[in-house]
Amino acid sequence: MKTYHEMKLKPSPFEKIKSGEKTIELRLFDEKRKKIKEGDVIVFTNTLNGEKLSATVTKLHNFDSFADLYQALPLLKCGYTAEDVDTAHPSDMEQYYSSEEQKNYGVVGIEISLQGEFTD
């Protein structure tokens, strides 16, 4: 039986996942994320309009910090574009997660395969 997880996304990363451009979601590896396993389904909700997408987790990439993650994973799959990938920096994630939170929990790149629009 599949386990479902819910995550909210701002409109820009939501649209990048919807278009297939973004296939790795970056998160803090907190208690909520530790429950995610390969094969589970994540339902992403657009915080602007409530639109939902579902995606299957294909791989979990765990790291101690976003600095480590940024060196190991392809940033174009993490939501950066050809225009801004050269200026991508792990500190970009500090607007979401403090360096202290990163030290406490570690971070995860959740690799996903889009299923499409989600309907209840």
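Predicted model, so just to flag it, every value in this text is computed and none were measured. (Residues numbered from 1 in each chain as written. Predicted model: local features only at pLDDT ≥ 70, side-chain atom pairs only at ≥ 80, totals over all residues. Heavy atoms only, no water.)

Enquirer: Would you mind going over the sheet that holds strand β4 (residues 52–63) with me for this structure?
Expert: The pairing of strands in a sheet comes from backbone hydrogen bonds and takes either a parallel or an antiparallel form. Judged by pairing direction, the sheet is mixed, and its five strands sit side by side in the order β1-β3-β4-β5-β2 without closing on themselves. On the outer flanks of this sheet lie β1 (4–9) and β2 (24–28), each paired with one strand and no other. Mean inter-strand twist for the sheet, computed between neighbouring axes without regard to direction, equals 40°. Across five bridges, the pairing between β2 and strand β5 (residues 107–117) is antiparallel. Bridge pairing in β5 links Leu28 to Val107. (Pairing = 2+ DSSP bridges. Helix = DSSP H or I, 4+ residues; strand = E, 2+ residues; numbered from the N terminus. Axes fitted to C-alpha atoms, helices over the stretch in contact; angles between N-to-C directions.)

Enquirer: Is there a simple way to think about the packing of aromatic side chains in this case?
Expert: Two descriptors summarise a pair of aromatic rings, namely the distance from one centre to the other and the angle between the planes of the rings. Counted under the stated rule, the structure contains four aromatic pairs. A ring pair is formed by Tyr4 and Phe118, whose centres lie 6.4 Å apart and whose planes are at 55°; its orientation type is tilted. Highlighted residues: Tyr4 in strand β1 and Phe118 in the segment after β5, separated in sequence by 114 residues. The class of Tyr4 is partly exposed, set by a relative accessible area of 49%. Since its relative accessible area comes to 24%, Phe118 is described here as partly exposed. An aromatic cluster of three or more residues is present, and its members are Phe66, Tyr96 and Tyr97. (Phe/Tyr/Trp six-rings, centres within 6.5 Å; stacked < 30°, edge-to-face > 60°. Buried < 20%, exposed > 50% of the residue type's maximum accessible area, 1.4 Å probe, protein only.)

Enquirer: Sorry if this is basic, but what is going on with the environment of Val43 here?
Expert: Tracing the backbone shows Val43 in strand β3 (residues 41–46). With 54 residues separating them along the chain, Val43 and Tyr97 place their C-alpha atoms 21 Å apart. Setting aside residues no more than four positions away along its own chain, Val43 makes contact with Tyr4, His5, Glu6, Met7, Lys52, Leu53, Ser54 and Phe118. (Contact = heavy atoms within 4.5 Å.)

Enquirer: Sorry if this is basic, but what is going on with the side chain of His5 here?
Expert: Position of His5 relative to the elements: it lies in strand β1. Within the structure, the side chain of His5 is placed 2.8 Å from the side chain of Asp40, a separation counted as a polar contact. Those residues in contact with His5 that sit more than four places away from it in its chain are Lys35, Ile36, Asp40, Val41, Ile42 and Val43. (Polar contact = N/O pair within 3.5 Å; in protein donor to acceptor, adjacent residues only side chain to side chain.)

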